[in-house]
Amino acid sequence: MSDLTFADLRSQYQTGRSYVISGTGRNRIYEYRTGIQCAIGDIEKSEWCQMVQELIREKGEQELYEQLLQHLKNQNYARKSFKELEFYALQLHTERIFDNKSWVDFVKFNRKYRPEIASSTRLIWITSECCKRPGEITQAMMDSHSHDNRVCCPHCGRWAHYKILPTK
Ligand SMILES: [Zn+2]
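**Overview of the coordination of the zinc ion**
Okay, so step 1: Around the zinc ion, the protein contributes the donor atoms Cys 130 (SG), Cys 131 (SG), Cys 153 (SG) and Cys 156 (SG), at 2.3 Å from the metal centre.
Okay, so step 2: Every donor counted, the four donor atoms about the zinc ion form angles of 102 to 124° at the centre, which fits tetrahedral coordination.
Okay, so step 3: Within one chain, the residues donating to the zinc ion are spaced in sequence as C-C-x21-C-x2-C. Of the two residues, Cys 131 is situated in the loop between β4 (123–128) and β5 (134–138) and Cys 156 in the loop between β6 (150–152) and β7 (159–164); the sequence distance between them amounts to 25 residues.
Okay, so step 4: Residue classification places Cys 131 among the partly exposed positions, given a relative accessible area of 24%.
Okay, so step 5: Assessed through its relative accessible area of 32%, Cys 156 is described here as partly exposed.

**Some details on the sheet that holds strand β1 (residues 13–22)**
Okay, so step 1: Taken together, three strands build an open sheet; the order of strands is β1-β2-β3 and the sheet is antiparallel. A single partner strand is all that each edge strand has here, and the edge strands are β1 and β3 (41–44). Taken over all neighbouring pairs, the strand axes of this sheet differ in orientation by 40° on average, direction set aside.
Okay, so step 2: Helix α2 (residues 45–58) rests against β1, β2 (29–38) and β3 of the sheet, and its axis sits at about 95° to β3.

**As for the nonpolar core**
Okay, so step 1: Ranked by size, the top nonpolar core spans 37 residues in total, and within it Leu 9, Trp 48, Leu 68, Leu 90, Phe 109, Ile 126 and Met 142 carry the most contacts.
Okay, so step 2: Secondary-structure elements contributing two or more residues to this core are α1 (6–9), β2, α2, α3 (62–74), α4 (82–94), α5 (106–113), β4 and α7 (139–144).
Okay, so step 3: Of the residues forming this core, the biggest block, six residues, is contributed by α2.
Okay, so step 4: Lining this core are residues from two domains, each supplying at least three of them: domain 1 (6–99) and domain 2 (106–164).
Okay, so step 5: Every residue in contact with Leu 9, bar those within four places of it in the chain, is listed here: Leu 4, Cys 38, Ile 40, Ile 43, Trp 48, Met 51, Val 52, Leu 55 and Thr 94.

**Observations regarding the environment of Val 151**
Okay, so step 1: By the secondary structure assignment, Val 151 is in strand β6.
Okay, so step 2: We classify Val 151 as buried; its relative accessible area is 1%.
Okay, so step 3: Note: C-alpha distance between Val 151 and Trp 48 (103 residues apart in sequence) is 34 Å.
Okay, so step 4: Beyond its immediate sequence surroundings of up to four residues, Val 151 is in contact with Ile 126, Ile 137, Met 141, Met 142, Arg 158, Trp 159, Ala 160 and Tyr 162.

Criteria and cut-off values
Residues numbered from 1 in each chain as written. Predicted model: local features only at pLDDT ≥ 70, side-chain atom pairs only at ≥ 80, totals over all residues. Heavy atoms only, no water. Donors = N, O, S within 2.8 Å, 3.2 Å for Na, K, Ca; no water. Tetrahedral: all angles 85-135°; square planar, octahedral: opposite > 155°, others 65-115°. Helix = DSSP H or I, 4+ residues; strand = E, 2+ residues; numbered from the N terminus. Buried < 20%, exposed > 50% of the residue type's maximum accessible area, 1.4 Å probe, protein only. Pairing = 2+ DSSP bridges. Axes fitted to C-alpha atoms, helices over the stretch in contact; angles between N-to-C directions. Contact = heavy atoms within 4.5 Å. Core = buried A, V, L, I, M, F, W, Y, C linked by side-chain atoms within 4.5 Å. Domains from an automatic or database assignment.

So this is what it looks like as structure tokens:
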């Protein structure tokens, strides 16, 4: 465990299969296993969650994880259950989403919880056609949708056309 990294546990996709736990013929009883495929193998889902939680504790990132979970709770548009949100937060944590400058919530999250990261990132002022007021995005956010010249609006989250504002 102590040699593990978040990259080792980063989930690539989920696996699922049913298998017989007892009985034969028509009396067979099946169980369904959900697994997480990651660099070190296909790990059963609840075990994977425990491993990631343990790694978070080991790396002293408990607070960061709680902040990520809180952030997801606040924006729970899909109304996921707590268990689902927790799983989602663990997935995003192994992906180091909070360090990813093309993450649509990069500015919002880091402004709130890690101001030193937000202030050391070069931000671009834009105004989006939906909300029509200035907001900040990163260069990477702009690049990630450059093919159709839209960004995720920093105010309402819609994909919108925008204008770059001259820097102050
Ligand atoms: Zn907007």
